[in-house]
Structure formats: structure tokens, C-alpha cells
Amino acid sequence: SESPHRRPLFRRLAKRLAMSAIASAAAGFPISEISSYHSKWVLRARVTAKGQLRSFNSRNGQAMQVFDCSLLDESGEIRASFFGDMANKYHGMVEQGKVFTFSRGGCKIANRQYNRTNHRYELVFDRDGLVEPATDDGNIAAVKFNFVDLRVVQSKTMPCSVDLCGIIVAFKPFVEFTSKDGKALVKREITVADDTTTSMDIAIWGDRAKMEDKDFEGSPLVCLKGVTVKEFKGGRTGSLEQAGSIVFDSTLPDAERVRQWWKASGGQASFTSLSLSQEGVTDLLALQAKPLPCTAELCGVVVSSKAPFSFTSQAGKALVKREIVIADHSGLSMQVTLWGERAEQADTLFEGGAVVLLRGVLVKEWNGGRSGSLLEAGSLIFSPATPEAEKVKLWWSTGGSSQSLTALSQEGAGGAAARLAAGRACSVAEMRSAAELVTAQPEVFSVISRLSTVQTKKQGETQPLMYMACQEPRAGTSLLCNKRVGEDGVCPACQRAGKAAPRLNIRCRFADFTDGAWLTTFHEAAQSVLGLAAEQAKEIESREDGREALEAAIRRRYFHQPLQVSVRAKLDTYNGEQRANITCFDARPVNCGQHGRTMLKSIREMLEQQAAAAATLAMSAA
């Protein structure tokens, strides 16, 4: 039995344990200690992020609701999900930024597909969870960042979620648009760079996007929590999550490091953009065959440069541009427009056969040719130390400087003359023969022919002539996405339902006096061939007996007029078998005057060759 003189000792020990338990409950169980080995805990934490209340069907088909939030204390951060009755009970009560106590929840291994915290576990409240307001003593931070630099982002598996600290080096005005499901959205794109001299485009949404422009001016330092990074068009772009955070002018150690870098050298640095295609340098011969518009990395010699030109845009913004022409070892040249401070650099930098590396050149069709514009997120590097630059230097110094160059860009010469310069003129038969010999390097041909047939049926089944394409702007550019959207209206590239429009994609047979050829004909060329805009074609098809009316309209275009058809051919692999892929990427009515002059020139050359051959034969007979 217990000795009477020891009873006071036990009572004091029990009192101490009780007081320790009370103090522990007040302080809260450390989030960093949460694991499947601890079943009874009381957390005291700040809600740093809170998601929307969402509905879903359980495995037994029962409709349920769920929301998730991020909880932070002095030891760490963890994700918590509330299901069913718990979601309905606590969604209105739990407020982002406030401190609560959390207990009676479950614990499981974190699902990395959805969990953005670094904790190995996550919490689940689905039955008897208890959440109560707690006093805020200010010891728990408002937000906890787990920064990674942009060079690390470059090597991460996509998609991923990261926290970033950097300088806003560029931003665009916010845009308002309506999604396909009728939801009003607001978006702004910013470009963030850090002390790894790497940059990335990031989209911010809602009220954050509508912040005044002055908040983004002057290269402010920004910390971003919860940036979802995805692959897009060969590059990487970010989107700040709804539950994420944006903090300007932080005093955290990482922020101070980036701030000092920017003051010391970052403001004059050239950045490598993750949001641009990572395909590497494209020579101008390969660029000649790329579908437009496209973004490319170019390396070449500056063969001419115009003086900077200042003007005011229609929106009232002061702009400065400079036009340069670059050439490379392929013997081709193209005009590229530089903007802002890049355009205002000293003229001497562009003289004397300067070699430049241009990352992020947006290439479009202009005046029937191709011209480029260096994107704001791109970079201009003089005298780069790369193998491509050495190759261009060697070509230029061993005869390239005196070589006659073929221009991809057309100044003032539109229409047929420009398009003839973009491809080798030939007949349909010659094009088919040459296409059988192409390699993986694309070749372009220019053929004068007429439309003879459009494939509207295949093996008795009606063939679709168009598809619905996403009309939302691509990340980092003003260009439209144009990817095929699903039946639910969601674009797989943009990962959302937005505006969509019809785009034509048809199989056409073009014929001339030598032969005929079936060519896949894409949107712009197809509209020209059919004499119908895609919207008109869809409107006709949507009527009663509309398909028959649309096919009748197409048949009226057969042999209607001669067309100058631009054809691209290259070797592709289908199901392990190599075959020539021949497509029509441009088709326009023939400029009869220009075509007539070209034919007369060919006739004169033929007559001169015949006369020379006859003279040679006469001399040999004598």
C-alpha cells in the first residue's frame, strides 16, 4: 500500500503534469511532429491559405462537399481537408489569416498531386473534427515561404508548385474576359527574374491582377507563394494559385539577397527566359518552313541596321523600335524588330558584322514574307560564345560577307512576288517527284494550280471540315492558342474553358497540266481556297440541310481560278514507317501580271538556251 508520507509528493507531481498538459494545449502540438503515430493532438495554427468549397460524388455516388486549407505554426506547415458535414460547418468559420485550434482530425500520407506543403503528412477532418478560434499572439508568421530559384524550376518535373522570390522586370496591362461557362475573369501577366539570371512569365488573377500599374513599375521585389508551373509551347509558365500569396518588398533573407543582386548587377543583366521555347537555335532555312506564327531562337550576323525610331502607339504609349536584318550560314536573311532599351543601344554595336544571339523572336507573316520581333521576355546577346555563333562567324569571314542573300522578309513587295521568293517554283508533277526525296529538313515549293476536289467523304462517311479551336491568348504573348478544344470546351493546353472559334482543316486535290496531288490544307489557306471564312462555313453547316449546302458551295470553287499554292514537304514517321508529309500552308489567287512576266522570262531563257545549243551544233558540224 501507498505510504502516507509519499501522498503529498504524488499530488504535487500530478498537479505539475496537469499544468504541463494545460500549457501544452495552449501552445499547441507542433505541426512538425504530426505523424501517423500521434492520434490525439491539438494544433494552434494560422490559416495561410483557404480553397473554395467544392462538390464531388463519393464512391457510393453520394454528393459531398470539400474544402482545403494550409495551416502554419512556429514549427512548420501542413495541409488540411474538410469533408462532408465538416466542410459545411467550418468553411464559413475558418478565415484566411486568423489563428484557430484544430483537434479530433485524422492523419494520412500527403498526396503530392494536390499538396503544396513540404510536410510528409496531411490532415483530414471528416466526422468529429473540432475547430475553435484562438488568440493571436503574433508569434506565428502570416505566411511561410519555401523559395526555390528559377534555375531549379527549369529542371523540375511538370506540373509543379513552387514559391518564388524575384524582381518584376516586365508586366502587361490586366485584361478582362469571359470564360466559356460565363465566368468573368481578370488576368495580368508579369515577368519575374532572380539572381540566377533566369526569368519566367507568371499570370496573376482577380483582384491581384487589377492592382494599379504603379505597383508593378520600377522593378519591385516580389515574393510569390503557390505558383503552379506548367509546360507551354516548349517553355515553362507560371500561374499564381487562388490560395497563393503575393508580397511586395519583403525583408526576408532571400529577398535581401535578390535585392542586393539587382542593385549590384541584375539591372544590367541579360536573362534566360524559361517561358520561351527551349528548342535551341534555329537556322533561317529551318525557320523558313516553320508554321506561322512561331517563336524561335536565332543566331546571325547583323547585315544592316536602321536608326532607332520613336513613336506613340494608338493606346498613347511611347515606344522606340529599331529594325535590323540578320543573316546566317544558310544564305538567308530576315528582318527583326528590337524594342525599348535594346533598340536605343549605340549604333556602333550593330556595325562591322556584329554577331548576335536573339532568344524569343516572334516570327509572323508580313507582306507575304516573314519578319521577327524580339519579345519583351526575350534577350539580345552580342558576340555570344556558342558553337552556333562560331559557325556563323566562320561562314561570314570565309565568303559569307560577299554572298548574295535570299531575304525571307519583304519590304514593299507583297503578293505573288514575295511568295515566289519563299518557295521553289515548280509544277505539281515536279513537286510530287521532289517531295519523294525530302529528308527531315523541310522544303518549300510554290505551285500554280487549281482546286479540283475537296474530300467531304471517306469510305462513305462524312468527313469533318473544321474543328473548334481555343481563342484565348497564349501565355507570354498576344497570340491566340488555336489548340483543338474538347467536347466539354476545355483546351488541353490552356487547361481551362474559354472562347473558341471554328478553324478549317481540309483535304484538297490541286491539279495543273502535269498532274494532281492531295494536300492537307490548314485554316488560312483553306479559307482562301474555299472563298469562305470558317465562321461562314460553320453557319451554313448549322442550318437545316446545311451540310449539303456547304458541299454545294465548295463544289462551286472547283477549277474556279488559278491559285498560287505554297507547299511544305518533309519526312515524318507514322507508325514506325517513314513517309513524306506534304501540306498546303498558303494559297492565294495568282497575280496574273506578275505570273505573266515570270512566264515570259522563262520563255526567253528557253529560247536563248535553244539558240545557244543550235549555234554549238552548227559550229561542231562546220
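Residues numbered from 1 in each chain as written. Predicted model: local features only at pLDDT ≥ 70, side-chain atom pairs only at ≥ 80, totals over all residues. Heavy atoms only, no water.

> So what about the nonpolar core? Which residues, and what values?
Formed by 35 residues in total, the largest nonpolar core has its most connected members in M431, F445, F510, V529, L530, L550 and V565. Those residues within four positions of M431 in sequence are excluded, and the remaining contacts are C426, F445, V447, A517, L519, V567 and I582. (Core = buried A, V, L, I, M, F, W, Y, C linked by side-chain atoms within 4.5 Å. Buried < 20%, exposed > 50% of the residue type's maximum accessible area, 1.4 Å probe, protein only. Contact = heavy atoms within 4.5 Å.)

> Describe the packing of aromatic side chains, and please don't skip the residues or the numbers.
For any pair of aromatic rings, geometry is given as the distance between the ring centres together with the angle between the planes. Per the counting criterion, the structure on display carries 15 aromatic pairs. For the ring pair F67 and F82, a centre distance of 4.8 Å and an interplane angle of 0° mean the geometry is stacked. Of this pair, F67 sits in strand β3 (residues 63–72) while F82 sits in strand β4 (residues 77–83), and the two are 15 residues apart along the sequence. Looking at F67, the relative accessible area reads 0%, which means it is buried. Classification of F82 by relative accessible area gives buried; the value is 0%. Ring plane angle 10° and centroid distance 4.7 Å describe the contact between F82 and F125, whose orientation is recorded as stacked. (Phe/Tyr/Trp six-rings, centres within 6.5 Å; stacked < 30°, edge-to-face > 60°. Helix = DSSP H or I, 4+ residues; strand = E, 2+ residues; numbered from the N terminus.)

> Kindly report on the confidence of the model for the protein chain, identifying the contributing residues and their values.
Within the protein chain, residue pLDDT values average 85, and 92% of them lie at 70 or more. Ignoring residues within four places in sequence, the model shows residues 412–421, a span with pLDDT below 50, making 26 contacts including any to other chains. (pLDDT = per-residue confidence, 0-100.)

> Residue-level account of the pairing of strand β31 (residues 516–522), with values.
With respect to burial, β31 is a largely interior element, five of its seven residues being buried. Here strand β30 (residues 500–511) folds back onto β31 in antiparallel fashion, the turn holding four residues. Inspection of the sheet shows β31 paired to strand β33 (residues 577–589) by two bridges, in the parallel sense. Within β33, the residue paired with T521 across the bridge is C584. (Pairing = 2+ DSSP bridges.)

> Run through the environment of F513, naming residues and quoting values.
Within the secondary structure layout, F513 lies in the loop between β30 and β31. You can call F513 exposed: its relative accessible area is 77%. Expressed as a C-alpha distance, the spacing of F513 and E74, which sit 439 residues apart in the sequence, is 82 Å.

> Tell me about a nonpolar patch on the surface, residues and numbers included.
Together, L600, I603 and L607 give the surface a local cluster of nonpolar side chains, amounting to about 280 Å² of exposed area. Secondary-structure assignment places I603 in helix α14 (residues 592–621). (Patch = residues over 30% accessible without salt bridge, like charges linked within 9 Å, V, L, I, M, F, W, Y side chains within 5 Å. Areas by Shrake-Rupley, 256 points an atom, 1.4 Å probe, with all protein chains shown as cover. Salt bridge = Lys/Arg side-chain N within 4 Å of Asp/Glu carboxyl O.)

> Give me the lowdown on the pairing of β4, citing residues and values where you can.
Of all the seven residues making up β4, six are buried; the element is thus mostly covered by neighbouring parts of the structure. Pairing between β3 and β4: seven bridges, direction antiparallel. Note that in β4 the partner of V66 across the bridge is F83. Between the antiparallel neighbours β3 and β4 lie four residues. Pairing between β4 and strand β7 (residues 121–125): three bridges, direction parallel. Note on β7: the bridge partner recorded for A80 is L123.

> I'd like a description of the side chain of R370, backed by residues and values.
Considering the arrangement of structural elements, one finds R370 in strand β21 (residues 369–382). Of the buried charged residues, R370 lacks a salt bridge, with E365 as the closest side chain of opposite charge at 7.1 Å. A polar atom in the side chain of R370 sits 2.7 Å from the backbone oxygen of K290. Contact partners of R370, with chain neighbours within four places excluded, come to L287, Q288, A289, K290, L292, M334, V363, K364, L408, S409, R568 and F585. (Lys, Arg positive; Asp, Glu negative; His and termini not counted. Polar contact = N/O pair within 3.5 Å; in protein donor to acceptor, adjacent residues only side chain to side chain.)

> So, unusual backbone geometry: which residues are in play, and what are the values?
A cis amide bond, omega -10°, links M158 with the succeeding residue P159. Looking at where P159 falls in the secondary structure, it is placed in the loop between α3 (150–155) and β9 (160–171). The step from L292 to P293 runs through a cis peptide bond, and the omega angle for that step is -10°. Positive phi is not limited to glycine here, since D249 has a value of about 55°. The residue D249 is located in the loop between β14 (235–248) and α5 (253–264) in this model. According to the relative accessible area criterion, D249 is exposed, its value standing at 51%. The backbone of F559 sits at a positive phi, close to 55°, despite the residue not being glycine. For F559, the position within the fold is in the loop between α13 (546–555) and β32 (563–574). Exposure remark for F559: the relative accessible area of 49% places this residue in the partly exposed category.

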